[in-house]
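# Secondary and tertiary structure notes
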Amino acid sequence: MIRFILADLRRLWMGSLVVVLLVALATALGVSVVLQERALRLGSARAADRFDLVIGAGGSETQLVLSSVFLQPSPLPLMSGEVLARLAADPRVDWAAPIGFGDSFSGYPIVGTSTMLAQNLSGGLTEGKIFVREGEAVIGAAVKLSLGGEIKPMHGSLEEGGETHTELVYHIAGRLRPTGTAWDRAILVPIQAVWHIHGMEAEEHSEDGEHEHEASGTDNAEHGHAHEKAGADHDGHEHHGEADPDAALDESWTAAAPGLPAILVKPKTIADAYKLRQDYRSGNTVAVFPGEVLTNLYATLGDAKQILVAVASGAQALVAASLVLVTVIHIGQRRRQIGALRAFGAPRGAIFGIVWLEFFFLLAVGIALGFTLGYAAALILSGMFSQTSGITMPVGFAREDAGLAAVLLAFATILAALPAVLAYRQSPAQALRA
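Residues numbered from 1 in each chain as written. Predicted model: local features only at pLDDT ≥ 70, side-chain atom pairs only at ≥ 80, totals over all residues. Heavy atoms only, no water.

The next subject is the overall build of the protein. Looking only at helices and strands, one finds 12 helices and 12 strands in the protein. Within the protein, buried positions represent 48% of all 434 residues. Partitioning the intrachain contacts of the protein with sequence separation of at least 6 by distance along the chain shows that 79% fall at a separation of at least 24. Counting every atom, the protein has about 20200 Å² of accessible surface; 61% of that belongs to carbon and sulfur. (Helix = DSSP H or I, 4+ residues; strand = E, 2+ residues; numbered from the N terminus. Buried < 20%, exposed > 50% of the residue type's maximum accessible area, 1.4 Å probe, protein only. Contact = heavy atoms within 4.5 Å. Areas by Shrake-Rupley, 256 points an atom, 1.4 Å probe, with all protein chains shown as cover.)

Glancing now at helix α3 (residues 61-68). Buried within α3 are the following residues: Leu64, Val65, Ser67 and Ser68. Take α3 and look down its axis: the buried residues cluster within an arc of 170°, on one side only. Put simply, Ser60 is the residue that caps the front of α3, since its side-chain oxygen is 3.5 Å from the backbone nitrogen of Thr62. (Arc of directions from axis to C-beta. Polar contact = N/O pair within 3.5 Å; in protein donor to acceptor, adjacent residues only side chain to side chain.)

As enumerated under the stated definition, the model contains 6 aromatic pairs in all. Judged by centre distance (6.1 Å) and plane angle (85°), the ring pair of Trp195 and Trp253 falls under edge-to-face. Within this pair, whereas Trp195 is found in helix α6 (residues 191-197), its partner Trp253 is found in the loop between α6 and β11 (262-267), the two being separated by 58 residues in sequence. Each member of the pair, Trp195 as well as Trp253, is classed as buried. Measuring from centroid to centroid gives 5.9 Å for Phe371 and Phe397, while their planes differ by 35°, and the two rings are tilted. In this pair, Phe371 sits in helix α10 (residues 348-389) while Phe397 sits in the loop between α10 and α11 (399-425), placing the two residues 26 residues apart along the sequence. Connected via pairs of aromatic rings, a cluster forms that spans Phe371, Tyr375 and Phe397. (Phe/Tyr/Trp six-rings, centres within 6.5 Å; stacked < 30°, edge-to-face > 60°.)

For the rest of this paragraph, the subject is a nonpolar patch on the surface. A cluster of nonpolar side chains, contributed by Trp13, Met14, Leu17, Val18, Leu21, Leu25, Leu369 and Leu373, occupies part of the molecular surface with about 770 Å² of accessible area. Broken down by secondary-structure element, the contributors of at least two residues to the nonpolar patch are α2 (13-48) and α10. Per-element accounting of the nonpolar patch gives the leading share, 6 residues, to α2. Inspection of the secondary structure assignment puts Val18 in helix α2. (Patch = residues over 30% accessible without salt bridge, like charges linked within 9 Å, V, L, I, M, F, W, Y side chains within 5 Å. Salt bridge = Lys/Arg side-chain N within 4 Å of Asp/Glu carboxyl O.)

Looking now at the confidence of the model for the protein. Looking at the protein as a whole, its pLDDT mean stands at 79, while 75% of the residues score no less than 70. Residue range residues 204-239 is modelled with pLDDT below 50. Its contacts to residues more than four positions away, or to other chains, number 100 contacts. (pLDDT = per-residue confidence, 0-100.)

For the rest of this paragraph, the subject is the pairing of β11. Within β11, 5 of the 6 residues are buried, which leaves the element mostly enclosed by the surrounding structure. In this structure, strand β1 (residues 53-57) lies alongside β11, joined through 4 bridges in antiparallel fashion. Among the inter-strand pairings, Ile55 is bridged to a residue of β11, identified as Ile263. (Pairing = 2+ DSSP bridges.)

As structure tokens, then:
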């Protein structure tokens, strides 16, 4: 029986190849959707795990996380520098790091922050040292620049027609270890230098110290005026200041510190994290756990996944219908062969087994090839996303994927039975007369 099936497949190799490719492409579509969605969830969750608590001015929690954790450029309001001073002095806080956005270099975002974050973000450096002067920078693992290289910050991005700052040129002092997050593509510089080149001086605070600045990124606006994008123009112009590349860093945060869009906080305990989150969820500030925000995003992502899965299922149903039509035509063309086998004494059960096994083999090969193609497609898509975002996207099969394979094989078992039943019901005389 096996020799007969192999000989039949060799004789009808072109039709067999078409069946295999149809099944493979339909399967690959569904598998790639499942794997890509899972990789996105795992990659973003692992990226957010490095940041316990994010505090920013009152506004969108989702946008705060996207900007501070995933470094997506977007307008953020500035909060008073007094918030940073309070957090730095809070006994419940292990460390608090300010971050400021708005500038870039060669497509890499420049993030103003403190030496504390640079030391703790990736667990150390692969080469060089942490910045200790205003004119030094530390680059992420995926930044394709060399130690000692110059970085000329650009206001905004090249695509937006950004303007290159002439107040300061950073020199690369060190490179961080890989983190698998968007920060691998970031250039970290002292927040003090960012404040200086944007003309942000120490502020006078009112008694409550909680007035809010409608600004974004790292530019300082006049009181009462709103910024229109992070670290960008306000009132149609930009303020520039003076910076000394050899100036030592002063990270003793006081209430007079300039405004900033976000603060990354490392609480000492889980209980402290929840208390801090509650304390800073006021009208002027918002405190979020990145994981909670991602849960809401996953809910939206889950809806999108259902739509994509429905599209993939529709494609698979169309392929199944096409295969049914192909098999019916195929059996019609093989009626004489089937009749000859019956005439030579082949029982109905043997005919059923030959036709079923032959078609099931084609479907099973198509399913296996589809899983391979789907995995390869997910790897390519994840690699492209990781290259542009810096977030590591782990692509891999899980236990539930075995269930998907079992369902597809069960469907193949039923689908292969259709031509086998048609062949089983044909009488030798009718087949030979056809």
